[in-house]
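Structural characterization, general
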Amino acid sequence: MRGRNWGSGVVSDTIPSDLGEGPSYRDSYERGQRASECRLLGLLCIRCGVGTSVPPEVVRGKRAALFFAAVAILLGLPLWWKTTETYRAPLPYSQISGLNALQLRLMVPVTVVFTRESVPLDDQEKLPFTVVQEREIPLKYKMKIKCLFQKAYRRALEHEEAALSLGSMQEAETMLAKSQKQAEGSLTVYVISEHSSLLPQDMMSYIGPERTAVVRGIMHREALNIVGHQVIQVAQAMSLTEDVLAAALSDHLPEDKWSSDKRRPLKSSLGYEITFSLLNPDPKSHDVHWDIEGAVQRYVQPFLSALSAVGNFSVDSQILYYAVLGVNPRFDPASSSYYLAAHSLPHVINPVESRLGSSAASLYPVLNFLLYVPELAHSPLYIQDKDGAPVATNAFHSPRWGGIMIYNVDPTVYNASELPVRVEVEMVRVMEVFLAQLRLLFGIAQPQMPPKCLFSGPKSEGLTTWELDQLLWARSVENLATATTTLTSLAQLLGKISNIVIKDDVASEVYSAVAAVQKAAEELASGHLASAFIASQEAVTSSERAFFDPSLLHLLYFPDDQKFAIYIPLFLPMAVPILLSLVKIFLETRKSWKKPEKID
């Protein structure tokens, strides 16, 4: 039997006789019994050596500390982490990184039509067949661009033979245009007999205003190869050239790769605003009148209608009085006239631009065309080029801004009437200059014709259909480059700053942009220019919506040290007592387990 006395706080046990009477047995047995009792009582006995019990308030305090610590760790921390975590919708990072290695294959469908007696009979018997000729465009850009000319050879149909047997090229073009309608980006090259009278004898090819061209055939055993080389030369002039793509990618190429002339075209946009301004700095001497409304309807509107596939256009006009150029012209005693040197022309725009006020509230790029009537004290006024020679048009233009033309008043009118003299602006001459500048601002330069090639020039609209195709090619490539750069920058930004919220609508725009880029690349490789351009516009729009979303901008400058500055005053007063209590309980428990028991 074993007896215990709990009243005095001392626990005494009677050791069974079968364990023996030695002190080693007694010590080991008592230590084991007391340790088991401490575990059963829930750590109520801390000092096992002397066998004293802990007061109840101390036990309750330790239990409360353990409870608060458990609640804070098991419930508080997960709840705080969940409620304060940054929501980041998943993004296609792998697909965005793959866009940097995107290879553009620009397919140009070319139909080559052979008339009778254009090539030897042996070659005509090989028709029809298709040949694809590939050419890589050497640009120092991460996106590789290849141009593929898919030449489909066939014989001429009856109505095509009849049209090409007419007396003039204009009649043949009119008849061919009525019989067929070509898709955007496609070309048709007709091979006529080498003795045909459609072309002058010293000309080997002809390029018209539509998507058609004519090449003179040859009776030679290598006729198909010779004609194929001529077809490629004509197709390159009418579709894709290195200069066209370099101008489209000017913002993405090295600064020293292309000259400033290649950076002249406007950037791609969904819309453009065109403003015509008449500047009359001396209304006391000149009463200027211009029929700008009629001139826009006759000359500008047909050109903009042809460009409607590129974007939306709005046109307005204004008259500004007492608006000077801001640069004092120099007097030339030899010609009794004033002139503006080429180096002073850049300083002309800034003073005038502050008076225009058209680009302040505009969402789209603004093109300014200024007609300046010089004051009487500085008349006549001419513009000189870099060599000091007067410019024939007496006008200049600034890339991506617009153009300025100086309109001198006939000096004979001052002798016939009193001041102010009435000035009627000759709008035909003015609009010819402004339309030429408008073509340059949109990147529609004078085409580079192959040797011995006759070019008929554009129609009354001032734009050929294949020049419009060139513009669509350039804009599609530019849009894809811009969308790819925007998506890559956005992915790098979101990957670097982890506390930016990525909402579902932002992720949706990113996915839409990636899908549009891939669709545009596929359409370009298939030769579908119109659908490729539309998809490229969608890619740019979606990528810029995602990049400039307001939800991304609010947290861009919210570093982690500000988080600690907010949370430390909140959590530190609560965490310190709990941590100190846990440390104290741990140390006491560790001491109680390791302290040896002493028995007298």
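Here is what the cut-offs are and how they apply
Residues numbered from 1 in each chain as written. Predicted model: local features only at pLDDT ≥ 70, side-chain atom pairs only at ≥ 80, totals over all residues. Heavy atoms only, no water. Helix = DSSP H or I, 4+ residues; strand = E, 2+ residues; numbered from the N terminus. Contact = heavy atoms within 4.5 Å. Phe/Tyr/Trp six-rings, centres within 6.5 Å; stacked < 30°, edge-to-face > 60°. Buried < 20%, exposed > 50% of the residue type's maximum accessible area, 1.4 Å probe, protein only. Pairing = 2+ DSSP bridges. Axes fitted to C-alpha atoms, helices over the stretch in contact; angles between N-to-C directions. UniProt positions renumbered as here; feature names shortened; annotations may be inferred. Core = buried A, V, L, I, M, F, W, Y, C linked by side-chain atoms within 4.5 Å. Arc of directions from axis to C-beta.

1. Focus: the environment of Leu367
Along the chain, Leu367 turns up in strand 12 (residues 366–372). Those residues within four positions of Leu367 in sequence are excluded, and the remaining contacts are Leu266, Glu273, Ile274, Thr275, Trp401, Leu438, Leu441 and Phe442.

2. As for the packing of aromatic side chains
This model, assessed by the stated rule, comprises 11 aromatic pairs. Considering the side-chain rings of Phe114 and Tyr153, the 5.5 Å spacing of their centres and the 20° angle between planes classify their relative orientation as stacked. In this pair, Phe114 sits in strand 1 (residues 103–114) while Tyr153 sits in strand 3 (residues 144–155), placing the two residues 39 residues apart along the sequence. Tyr153 matches Phe114 in its accessibility class, with the two residues each being buried. Ring plane angle 80° and centroid distance 5.1 Å describe the contact between Phe547 and Phe548, whose orientation is recorded as edge-to-face. The exposure class of Phe547 is partly exposed, given its relative accessible area of 26%. Taking relative accessible area as the criterion, Phe548 reaches 55% and is therefore assigned exposed. Taken together, the ring pairs in this structure connect Phe114, Phe129 and Tyr153 into an aromatic cluster.

3. A few points about the sheet that holds strand 9 (residues 312–321)
Taking strand neighbours across the sheet as the criterion, the five strands line up as 9-7-12-15-14 in an open arrangement whose pairing is mixed. Two strands close off the open sheet at either side, each with one partner strand: strand 9 and strand 14 (395–398). Mean inter-strand twist for the sheet, computed between neighbouring axes without regard to direction, equals 15°. With four bridges connecting them, strand 14 and strand 15 (residues 402–406) associate as antiparallel partners. From the neighbouring strand, Ser398 faces strand 15, where its bridge partner is Gly402.

4. Comments concerning the UniProt feature "transmembrane region" (unreviewed entry) in the protein chain
The UniProt entry lists residues 64–81 and 564–587 under the feature "transmembrane region" (unreviewed entry), expressed in the numbering used here. Secondary structure across residues 64–81 divides into 100% helix and 0% strand, with the first and last C-alpha atoms of the span separated by 24 Å. Taken end to end, residues 564–587 is 100% helix and 0% strand, and its two terminal C-alpha atoms sit 30 Å from one another.

5. Considerations on the pairing of strand 1
In terms of strand pairing, strand 1 meets strand 3 through 12 bridges, oriented parallel. Looking at strand 3, one finds that Pro109 is bridged to Gln150.

6. A short note on the nonpolar core
Counting residues in each nonpolar core, the largest one holds 112 residues, and the members touching the most others are Leu104 and Phe276. With 13 residues, the single largest contributor to this core is helix 13 (residues 465–496). For Phe276, the residues in contact, after removing those within four places along its chain, are Trp290, Ile292, Val296, Val300, Val315, Asp316, Ser317, Gln318, Phe369, Met431 and Phe434. Judged by nonpolar contacts, the second largest core, of 20 residues, contains Leu325, Leu381, Trp401 and Ile406.

7. What to know about the sheet that holds strand 11 (residues 337–340)
Pairing within the open sheet is mixed, and its three strands lie in the order 10-11-13. Both edges of this open sheet fall to strand 10 (330–332) and strand 13 (381–383), since each of them pairs with a single strand only. On average, each strand axis in the sheet is inclined to that of its neighbour by 40°, with strand direction left out of account. Of the pairings in the sheet, the one linking strand 11 to strand 13 comprises three bridges and is parallel in character. Residue pairing in the sheet places Tyr339 in a bridge with Tyr382 of strand 13.

8. Focus: unusual backbone geometry
Here the residue pair Ser379 and Pro380 is connected by a cis peptide bond, since its omega of -10° sits within 30 degrees of zero. When you line up the elements, Pro380 lands in the loop between strand 12 and strand 13. Even without being a glycine, Asn394 presents a positive backbone phi close to 55°. Of note, Asn394 is situated in the loop between strand 13 and strand 14.

9. Focus on helix 10 (residues 346–356)
In an α-helix, one turn spans 3.6 residues; hence positions three or four apart end up facing the same way. Residues of helix 10 that are buried include every one of Val348, Ile349, Val352 and Leu356, and no others. With its buried residues spanning 90° around the axis, helix 10 presents them on a single face. Projecting away from the buried face of helix 10 at angles above 90 degrees are the exposed residues His347, Asn350 and Ser354. Contact partners of the buried residues in helix 10: strand 7 (271–280), strand 9, strand 12, strand 14 and strand 15. Positive phi shows up at Gly357, right after helix 10, with a value of about 65°.

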